[in-house]
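The lines below spell out each chain.
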Amino acid sequence: MKIQFMGAVREVTGSMHILTVGGKRILLDCGFFQGRREESNRMNRNLPFDPSTIDVMVLSHAHIDHSGNIPGLVKKGFKGVIYTTFATRDLCSLMLMDSAYIQVKDAEFFNRKAEERGEKDRITPIYDEADVRACLSRFVAIDYQVTLPILPGVNLTFYNAAHVLGSAVVCLDLEEDGKNLRFLFSGDIGRWGLPILKDPVCPQGVEIFVSESTYGDRLHDPIDSRGESLARVINETTQRKGKVIIPSFALERAQEIIFALKKLFQDKQIPKIPVYVDSPLATSITQVFRMHPECYDEEVLVFTNHQDNPFSFDGLEFITRVEDSKALNERTDPMVIIAASGMCEAGRILHHLRNNISNEHNTILIVGFQAHYTLGRKILRGDSEVRIFGMMHPVEAKIEVLNSFSGHADRNELLRYRTELGDTVRKIFLVHGEDEQAEAYRTLLMENGDKDVTIPELYKEYEII
Ligand SMILES: [Zn+2]
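Residues numbered from 1 in each chain as written. Predicted model: local features only at pLDDT ≥ 70, side-chain atom pairs only at ≥ 80, totals over all residues. Heavy atoms only, no water.

**Student:** Explain the coordination of the zinc ion to me, using residue names and the numbers behind them.
**Tutor:** Those donors, His61 (NE2), His63 (ND1), His163 (NE2) and Asp188 (OD), are the protein atoms that reach the zinc ion, and they lie 2.2 to 2.3 Å from it. Coordination at the zinc ion is irregular: its four donor atoms span angles of 92 to 163° at the metal. In the primary sequence, the donor residues of the zinc ion line up as H-x1-H-x99-H-x24-D. One end of the pair, His63, is in the loop between strand S4 (56-58) and helix H2 (64-67); the other, His163, is in the loop between strand S8 (154-160) and strand S9 (168-176), with 100 residues separating them in the sequence. (Donors = N, O, S within 2.8 Å, 3.2 Å for Na, K, Ca; no water. Tetrahedral: all angles 85-135°; square planar, octahedral: opposite > 155°, others 65-115°. Helix = DSSP H or I, 4+ residues; strand = E, 2+ residues; numbered from the N terminus.)

**Student:** An account of the sheet that holds strand S16 (residues 363-366) is needed here, citing residue identities and associated values.
**Tutor:** A sheet is described by the order of its strands in space; here six strands give the open sequence S14-S13-S15-S12-S16-S19, paired in parallel fashion. Edge positions in the sheet fall to strand S14 (316-318) and strand S19 (398-401), since each has one partner strand and no second. Strand after strand, the sheet turns through a mean of 20° between neighbouring axes, direction not considered. Across the sheet, helix H11 (residues 349-356) lies against strand S12 (243-247), strand S15 (335-339) and S16, angled at about 145° from S12, the strand it touches most. (Pairing = 2+ DSSP bridges. Axes fitted to C-alpha atoms, helices over the stretch in contact; angles between N-to-C directions. Contact = heavy atoms within 4.5 Å.)

**Student:** So what about the environment of Glu420? Which residues, and what values?
**Tutor:** Relative to the helices and strands, Glu420 resides in helix H13 (residues 411-421). Owing to a relative accessible area of 36%, Glu420 belongs among the partly exposed residues under this scheme. Distance from Glu420 to Tyr441, taken between C-alpha atoms, is 16 Å for residues 21 residues apart in sequence. If we skip the residues at most four places from it in the chain, Glu420 touches Trp192, Cys202 and Gln204. (Buried < 20%, exposed > 50% of the residue type's maximum accessible area, 1.4 Å probe, protein only.)

**Student:** An account of the environment of Gly72 is requested, with residue identities and associated values reported.
**Tutor:** Within the secondary structure layout, Gly72 lies in helix H3 (residues 70-75). Taking relative accessible area as the criterion, Gly72 reaches 4% and is therefore assigned buried. Separated by 11 residues in the primary sequence, Gly72 and His61 have C-alpha atoms spaced 17 Å apart.

**Student:** Can you tell me about the packing of helix H7 (residues 253-266) against helix H8 (residues 280-290), naming the residues and giving the values?
**Tutor:** Relative placement of two packed helices is described by the angle separating their axes and the distance separating the axes. Remark: H7 packs on H8, axes separated minimally by 9 Å, with the N-to-C direction vectors making an angle of 75°. One element, H7, and the other, H8, form an angle in the roughly perpendicular class. Along its contact with H7, which presents Ala254, Gln255 and Ile258, the element H8 presents Ala282, Ile285, Thr286 and Phe289. For the contact of H7 with H8, a count of residues per class yields five nonpolar, two polar and no charged. (Parallel < 35°, antiparallel > 145°, perpendicular 65-115°, else oblique. Nonpolar A, V, L, I, M, F, W, Y, C, P; charged D, E, K, R; others polar.)

Right, here's the structure in full:
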């Protein structure tokens, strides 16, 4: 049995790993690389393996850095089945369609510019909507903690990862030449006590653990400080008569902010100002949340049991039409605008940032992870001016960061997850973390008694039995 790491090595995007068991190849995740545009584009166009050699794929969750290249995989010859949870399958149908739309628009933009420059080069999208439809027919959904044989000698069980709706840690019971092994791939580990999702589940008897390390060296503020911090930011901005602009991932973060705002309005902790979710994708995803109460924890069930929609309140408006989005630019009254993309790389958030980032009355509220080289990272680190749509804009708005909204386990939560797996774990591989985070988490694990912790090399194959 071997594992080969094809992405998310010493970085947080492009999650994909290949497990070889009894001559069969299992692909764990097939994500997009994100960050530096040209480099990401090149890597996403050229999968570092032949898709036709993969027998089966298992998907941990719907985030694009884990799922984004599934249509490319199928387009380039993968003929197998893709196993995931029910909620992830539903989310993928929305998120991959959205991704296809972006690929098509990007290719059109590139080709238009090339034509203007008199160049002959033309590109095709990495994939389009037809490719997404083709890949969706390969999905097979199973529930958490239901064990399914997916290949001879390979049994799959998903456990709740509590990271985003439908997210799972992938547990594989493997058998080869009479030897048995329990293998666990973390996907992305979430947090205990999140307001919507049930807590993470740690299976027992795991021997090989491939773990994410996104926040291996950082601590988040406690989840229960979310409401108070969010109320403070909104109250201060409203007093300045400004707008609160929240770049948010369409999946999970947007719904958690909506749910937090609902409670703040109910408890009268913030004034009655309008809230706009200006993202067609976030709007559709919020509907998918309504379809998956099996993922809810008690806190949300209190609302649903009383026939109340946890993702709706007076003053909340979901905007889909472009004209309605543009109309917000003309408004000067205090409001909250939640828009994607979460790292400010694309989408309607760019228009809102362009229109609001140079006004000192406004607040840009960062609530999610910002990868290297993204506009979100530049805003987060305090650049005095930023480039948006090719123009420099001075940053005059107040920049606030609420890391309590993170959907990733922090250093202590990662360690808690590892500890609850117990002492059967004999080898750990750390992926999905920038260098300093992965190194720091490795040190922490060694200090806590793990002897064999490896930050793997890209494309290198490791024996696991
Ligand atoms: Zn994720």
